[in-house]
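# Observations on the three-dimensional arrangement
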Amino acid sequence: MAIADGPPGMPTFGAFNHAWPTVEWRIAQVGGRPVPVAAIQCFHLANGDGGRCMQILVVFKVGQPDDRAACMMGYVSAHDGAAANRRARRIADSAATHDCVHDRPVVEPSAAQVPPR
């Protein structure tokens, strides 16, 4: 599961890996209006030959106008479907208290071959 070098300090997934087109947005009520605070997207990670290796759900914190901090909050192995979605949602729903500067992403042991933390 090679990770290609991106811009300094920003790992990227290597060749043959791709993101699924569907993004689940997690919404919170802020000031009486709905605001996207986190997103969940499934990534297909392949080995160097393009063979299927694993799928992971990546949980992102969405930057806000008053706090532009955005980051990856967690990596969840998608191997068990609906249960994986529930775990990813629990991580996403903690976006209000997640500090992108000081908090490390949640990484499930079965999703440990993802970009360095």
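Residues numbered from 1 in each chain as written. Predicted model: local features only at pLDDT ≥ 70, side-chain atom pairs only at ≥ 80, totals over all residues. Heavy atoms only, no water.

### Re the pattern of salt bridges
Put simply, the rule reads: Between Lys or Arg on one side and Asp or Glu on the other, a salt bridge is scored when a side-chain nitrogen of the former is within 4 Å of a carboxyl oxygen of the latter. Secondary structure counts use DSSP, requiring at least four H or I residues in a row for a helix and at least two E residues in a row for a strand, with both numbered from the N terminus. Here's how the labels work: a residue is buried when its accessible area is under 20% of the maximum for its type, exposed when over 50%, partly exposed in between, all with a 1.4 Å probe on protein chains only.
Considering all chains together, one arrives at 5 salt bridges under this definition. A salt bridge links glutamate 24 to arginine 26; the shortest N-O distance between them is 3.0 Å. In this structure, glutamate 108 engages arginine 87 in a salt bridge whose closest nitrogen and oxygen atoms are separated by 2.3 Å. Taken together, the residues glutamate 108 in the segment after strand S7 (106-107) and arginine 87 in helix H1 (residues 82-92) connect sequence positions 21 residues apart. By relative accessible area, glutamate 108 is classed as buried at 14%.

### Looking at the environment of alanine 95
As a reminder, the rule being used: Note on contacts: a residue pair qualifies if any of its non-hydrogen atoms lie within 4.5 Å across the two residues.
In this fold, alanine 95 is placed in the loop between H1 and S7. Of the residues examined, alanine 95 reaches a relative accessible area of 2% and is grouped as buried. Separated by 32 residues in the primary sequence, alanine 95 and glycine 63 have C-alpha atoms spaced 9.9 Å apart. Not counting residues within four places of it along the chain, the set of residues in contact with alanine 95 comprises Val37, Ala38, Lys61 and Met73.

### A closer look at the state of the cysteines
Which entries qualify depends on this criterion: Criterion for a disulfide: a pair of cysteine sulfur atoms within 2.5 Å.
One pass over the full model with this rule turns up 1 disulfide. The disulfide that involves cysteine 71 links it to cysteine 100, with 2.1 Å between the sulfurs. Disulfide cysteine 71-cysteine 100: the torsion about the S-S bond is -75°, which places it as left-handed. One end of the pair, cysteine 71, is in strand S6 (residues 71-77); the other, cysteine 100, is in the loop between H1 and S7, and 29 residues separate them in sequence.

### Considerations on the confidence of the model for the protein
Note the following rule: Within a predicted model, pLDDT stands for the predictor's per-residue confidence, ranging from 0 to 100.
Residues with a pLDDT of 70 or more make up 76% of the protein, whose mean pLDDT is 81. Highest mean pLDDT in the protein belongs to H1 (96); lowest belongs to strand S1 (residues 3-5) (39). Confidence drops under a pLDDT of 50 for residues 1-11, and excluding neighbours within four residues, the segment shows 21 contacts in the predicted structure.

### Digging into the pairing of strand S3 (residues 18-30)
The side chains of a regular strand alternate between both faces of the sheet. Convention followed: Strand pairing is assigned whenever DSSP detects at least two bridges linking the two strands.
In terms of strand pairing, S3 meets strand S4 (residues 33-46) through 10 bridges, oriented antiparallel. Its bridge partner lying in S4, arginine 26 is registered against alanine 38. Connecting the antiparallel pair S3 and S4 is a turn made up of 2 residues, with glycine 31 showing a positive phi of about 60°.

### Considerations on the pairing of S6
Going by this rule: For crossovers, right-handed means that the path from the first strand over the helix to the second runs clockwise, given strands pointing away from the viewer.
For S6, the buried fraction is high: 6 of the 7 residues fall into the buried class. Two elements, S6 and S7, share 2 bridges in a ladder whose sense is parallel. Bridging across to S7, tyrosine 75 finds its partner in valine 107. In the classification by handedness, the crossover that spans S6, the intervening H1 and the parallel S7 is left-handed.

### Quick look at the packing of aromatic side chains
The geometry of two aromatic rings is summed up by the distance between their centres and the angle between their planes. Selection rule: Whether two aromatic rings pair depends on their centres lying within 6.5 Å, for rings of Phe, Tyr and Trp, where Trp uses its six-membered ring; planes under 30 degrees apart make the pair stacked, over 60 edge-to-face, and the rest tilted.
Taken as a whole and assessed by the stated rule, the structure comprises 1 aromatic pair. Judged by centre distance (6.5 Å) and plane angle (55°), the rings of phenylalanine 43 and phenylalanine 60 are tilted. Here phenylalanine 60 lies in strand S5 (residues 52-61) and phenylalanine 43 lies in strand S4, a separation of 17 residues in the sequence. Since its relative accessible area comes to 12%, phenylalanine 43 is described here as buried. The class of phenylalanine 60 is partly exposed, set by a relative accessible area of 21%.

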